[in-house]
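The residues making up each chain are set out below.
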Amino acid sequence: MRAGRGRPGATRAAALTPWRFIVVFGVVSLLMDVVYEGARSITGPLLASLGASAAVVGLVTGAGEAAALGLRLVSGPLADRTRRFWALTITGYALTAVSVPLLGLAGVLWAACALVVAERVGKAVRSPAKDTLLSHATATTGRGRGFAVHEALDQIGALVGPLTVAGVLAATAGDYAPTLGVLAVPGVAAMGLLFWLRARVRDPAQYEPVSREAPRPERDAGRPRLPRAFVVYAAFTAVTMTGFATFGVLSFHLVQRHLLPADLVPIVYAGAMAADAVSALANGWLYDRIGPRALAALPVLSAAVPVLAFTRSLALAVVGALVWGAAVGIQESTLRAVVADLVPSPRRATAYGIFAGVLGVAALAGGTLTGALYDRSVTLLVAVVAGIQAAALALLAVLRGRTGSR
């Protein structure tokens, strides 16, 4: 379960060290996050300006998120079968880089809706392949720290993108065309850097030491089954995410209880994203030190969110939002790192695709459950979430037993 440190000379053939590979890939993600997080921050108002109703906005954005997660069940196995990880990564990023600027030029609703979904499809195409490429480099840096650094860089883009869009939108008196057109600049920069990275490191698998348990695909014609520990891990993830509130419910509470005006909610969200980056770095380091015990922080933080966030105190509610962001940081970094430790290279992209599907279904269930319970009783919501997270901790104990970790 613990990250491998690699054999001496394992990275000798690479043009970049593993850490430089991870950091450059993180900058690619940072730039692309500026593009698509900037666009997502104004998707609703943009569609509304073209005549969409609230129902249409919900349908289109929901379909986009379903595509972003569900299609990974296809793109993951495809990446493992073809071994064309760079091609899928580049294709996915290119689809996002092209879709967002065109979104600002869409003059009719159906075209804008198609571009919103296309941007999310791009994420589905690239994610399993991208995570597999990163997993090879993190084999020598430490899985937790490697994915955490990548996530921290990613979150910088998630902050800069919406702020950039807000500034340009204000400067252009609400004109979406130049606002989204500006996002073509980081998109082009990201694609250029990505091609440069591919030229320098064509086979990131060379970073990862070959072992008897995880032979290189070209040396092993078979396709090993996914480990049972991965199944237990997916179950743990499903349970803990089923008891995780969405920021939508948190922001609803802030506004409906008159704790904060709607125009200040994005500032709270920005603070949550900062907590995300810090948490990713801290938990990633801890995972490399103590193994899966570090994951216990996720159910604990998830159980604390409704206790703090759904009070009538603004201070406690803001703290709850920051705790929510810290939990998201673990979800986006350490959870991905564990997949790489559990699953051998020949099936890793498949595992990432399945894991994303499980995560998506559980997130949908969690948002629905916590929203419904909030309408009925906050006390009941706190109790149910606590019970769910206790079950997640029990599954984590089973996972530790199966992996023989401390």
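As the structure is a prediction and not an experimental result, all values here were calculated from the model. (Residues numbered from 1 in each chain as written. Predicted model: local features only at pLDDT ≥ 70, side-chain atom pairs only at ≥ 80, totals over all residues. Heavy atoms only, no water.)

### Quick word on the nonpolar core
Argument step 1. Counting 102 residues, the largest nonpolar core has F25, Y233, L250 and W324 as the members making the most contacts within it.
Argument step 2. Considering each element in turn, this core owes the most residues, 12 residues, to helix α1 (residues 18–40).
Argument step 3. Here W324 is in contact with F244, A245, T246, F247, L250, Y269, A272, M273 and V305, once residues within four sequence places are set aside. (Core = buried A, V, L, I, M, F, W, Y, C linked by side-chain atoms within 4.5 Å. Buried < 20%, exposed > 50% of the residue type's maximum accessible area, 1.4 Å probe, protein only. Helix = DSSP H or I, 4+ residues; strand = E, 2+ residues; numbered from the N terminus. Contact = heavy atoms within 4.5 Å.)

### Quick look at the environment of A52
Argument step 1. If you trace the backbone, A52 turns up in the loop between α2 (43–49) and α3 (54–70).
Argument step 2. Expressed as a C-alpha distance, the spacing of A52 and W110, which sit 58 residues apart in the sequence, is 9.5 Å.

### Regarding the packing of helix α6 (residues 109–141) against helix α16 (residues 348–376)
Argument step 1. Following both chains from N to C, one finds α6 and α16 inclined at 125°, their axes separated by 8 Å at the closest point. Taken together, the axes of α6 and α16 are oblique relative to one another. The two elements α6 and α16 meet at a crossing, and its hand is right-handed. Residue-level inspection shows P128, D131, T132, S135 and H136 of α6 in contact with α16, the latter providing R348, A349, Y352 and G353.
Argument step 2. Its residues assigned to classes, the contact of α6 with α16 comprises three nonpolar, four polar and two charged. (Axes fitted to C-alpha atoms, helices over the stretch in contact; angles between N-to-C directions. Parallel < 35°, antiparallel > 145°, perpendicular 65-115°, else oblique. Left-handed = near helix turned anticlockwise from the far one by under 90°. Nonpolar A, V, L, I, M, F, W, Y, C, P; charged D, E, K, R; others polar.)

### Looking at the confidence of the model for the protein chain
Argument step 1. Considering every residue of the protein chain, the mean pLDDT works out to 85; 90% of them sit at 70 or more.
Argument step 2. Confidence, expressed as mean pLDDT per element, reaches its minimum in the protein chain at α3 with 73 and its maximum at helix α9 (residues 184–200) with 96.
Argument step 3. Per-residue pLDDT stays below 50 along residues 1–13; that stretch engages in 39 contacts with residues further than four places along the chain or on separate chains.
Argument step 4. Taken as a whole, residues 211–221 scores under 50 in pLDDT and shows 14 contacts with residues more than four places along the chain or in a different chain. (pLDDT = per-residue confidence, 0-100.)

### Structural notes on helix α13 (residues 297–309)
Argument step 1. Across its 13 residues, α13 extends 18 Å between first and last C-alpha, which sits within 8% of the 18 Å expected from 1.5 Å per residue.
Argument step 2. Residues L298, P299, S302, V305, P306 and A309 constitute the buried set of α13. Taken end-on, α13 shows its buried residues confined to a sector of 125°, consistent with a single buried face. (Expected span 1.5 Å × (residues − 1). Arc of directions from axis to C-beta.)

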